[in-house]
Amino acid sequence: MRLVVTTRGSDPGGTHELRRWLAGEPRLRGRIRKGGDAAPPPGTMGAGTDALIALLEPGGVAAVFAGAVVAWVQSRRGSQTVTVTRPDGTEITITTTQVKGLDARQTAELAQQLAAAVDPPSAAPDGDPGPGGHPEPDGDPEPDERRRPDGRAEPGDAGPPAS
């Protein structure tokens with residue numbers, strides 16, 4: 001699976017620093033590459049941002065990637081946002097404001113949620129997600145793939161699917 005990873009925030013070298021951080025993870029070595037410039041967000045002017053390309057395969061690498069991204073965001077000073085875009089266009093965003101106050105258990109749960117959002121289980125024949133969801137810190141079920149790890153709806157999300 002090919003993921004596009006972008007950063008924005010108070011540190012202009014954030015993408016480079018994140019690339020170095022991810023490359024330091026033994027299971028991610030050789031899987032993180034510098035990508036081209038990402039297009040600027042819709043409705044904004046100016047140059048695009050640097051992007052990373054993460055090449056992941058099934059088998060736990062998504063969990064390593066997610067844990068490293070959450071740890072990197074937690075280590076940042078000032079404001080930092082990391083957006084991971086899946087091949088289907090779904091964007092998952094993690095910000096420093098989401099992670100600064102988390103304890104170790106909540107950090108691990110957020111990393112699990114990010115891993116599940118980055119590499120969701122295959123859909124069952126009836127369209128429901130397969131097994132393996134992780135609870136959110138407040139005990140609610142894990143958000144579906146149209147929701148960010150913080151539970152907020154992705155742009156264009158019309159709410160839960162109709163029954």
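Residues numbered from 1 in each chain as written. Predicted model: local features only at pLDDT ≥ 70, side-chain atom pairs only at ≥ 80, totals over all residues. Heavy atoms only, no water.

Draft legend 1. Quick peek at the environment of Arg77. Tracing the backbone shows Arg77 in the loop between α2 (61-75) and β4 (80-85). Considering only alpha carbons, one finds Arg77 and Lys100, 23 residues apart in sequence, at a separation of 9.8 Å. Non-local contacts of Arg77, meaning those with residues more than four positions away in its chain, are made with Ser10 and Lys100. (Helix = DSSP H or I, 4+ residues; strand = E, 2+ residues; numbered from the N terminus. Contact = heavy atoms within 4.5 Å.)

Draft legend 2. Spatial organisation of α2. Helix length check: α2 (15 residues) gives 21 Å between terminal C-alpha atoms against 21 Å at 1.5 Å per residue, within 8%. For α2, the complete set of buried residues consists of Val61, Ala62, Val64, Phe65, Ala66, Ala68, Val69, Val70, Trp72 and Val73. (Expected span 1.5 Å × (residues − 1). Buried < 20%, exposed > 50% of the residue type's maximum accessible area, 1.4 Å probe, protein only.)

Draft legend 3. Looking closely at helix α1 (residues 14-23). Taken together, the buried positions of α1 are occupied by Gly14, Thr15, Leu18 and Leu22. Buried residues of α1, viewed axially, fall in a sector of 95 degrees; they line one side. (Arc of directions from axis to C-beta.)

Draft legend 4. Representation of the pattern of salt bridges in the model. All chains considered together, the criterion is met by four salt bridges. When the shortest N-O distance is used, the salt bridge between Arg31 and Glu57 registers 3.6 Å. On the criterion of sequence distance, the pair formed by Arg31 in the loop between α1 and β2 (32-38) and Glu57 in the loop between β3 (49-55) and α2 is long-range, its members being 26 residues apart. Residue Glu57 is classed as partly exposed on the basis of its relative accessible area, which comes to 43%. (Salt bridge = Lys/Arg side-chain N within 4 Å of Asp/Glu carboxyl O.)

Draft legend 5. Geometry of the packing of α2 against helix α4 (residues 104-118). Taken N-terminus to C-terminus, the directions of α2 and α4 make an angle of 130 degrees; their axes are 8 Å apart at the nearest point. Regarding the angle of α2 to α4, the classification is oblique. Here α2 and α4 pass one another in a crossing that is right-handed. For the pair formed by α2 and α4, the contact residues are Ala62, Ala63, Phe65, Ala66, Gly67, Val69, Val70 and Gln74 on the first element and Thr107, Leu110, Ala111, Leu114, Ala115 and Val118 on the second. Residue classes in the contact of α2 with α4 are distributed as eleven nonpolar, three polar and no charged. (Axes fitted to C-alpha atoms, helices over the stretch in contact; angles between N-to-C directions. Parallel < 35°, antiparallel > 145°, perpendicular 65-115°, else oblique. Left-handed = near helix turned anticlockwise from the far one by under 90°. Nonpolar A, V, L, I, M, F, W, Y, C, P; charged D, E, K, R; others polar.)

Draft legend 6. Structural context of the nonpolar core. Counting 30 residues, the largest nonpolar core has Leu22, Leu28, Leu56 and Phe65 as the members making the most contacts within it. Listed by contribution, the elements that provide at least two residues to this core are β1 (2-9), α1, β3, α2, β4, β5 (91-95) and α4. (Core = buried A, V, L, I, M, F, W, Y, C linked by side-chain atoms within 4.5 Å.)

Draft legend 7. Seen up close, the packing of α1 against α2. Closest axis-to-axis distance for the α1/α2 pair is 10 Å, and the angle between their directions is 130 degrees. One element, α1, and the other, α2, form an angle in the oblique class. Here α1 runs over α2; the crossing is right-handed. On α2, the residues that touch Gly14, Glu17, Leu18, Trp21 and Leu22 of α1 are Phe65, Ala68, Val69, Ala71, Trp72 and Ser75. Considering only residue class, the contact of α1 with α2 consists of eight nonpolar, two polar and one charged.

Draft legend 8. Spatial organisation of the confidence of the model for the chain. Averaged over all residues, the pLDDT of the chain equals 74, while 65% of them reach at least 70. Note on residues 152-163: pLDDT under 50 across the span, and 17 contacts to partners over four residues away in sequence or across chains. (pLDDT = per-residue confidence, 0-100.)

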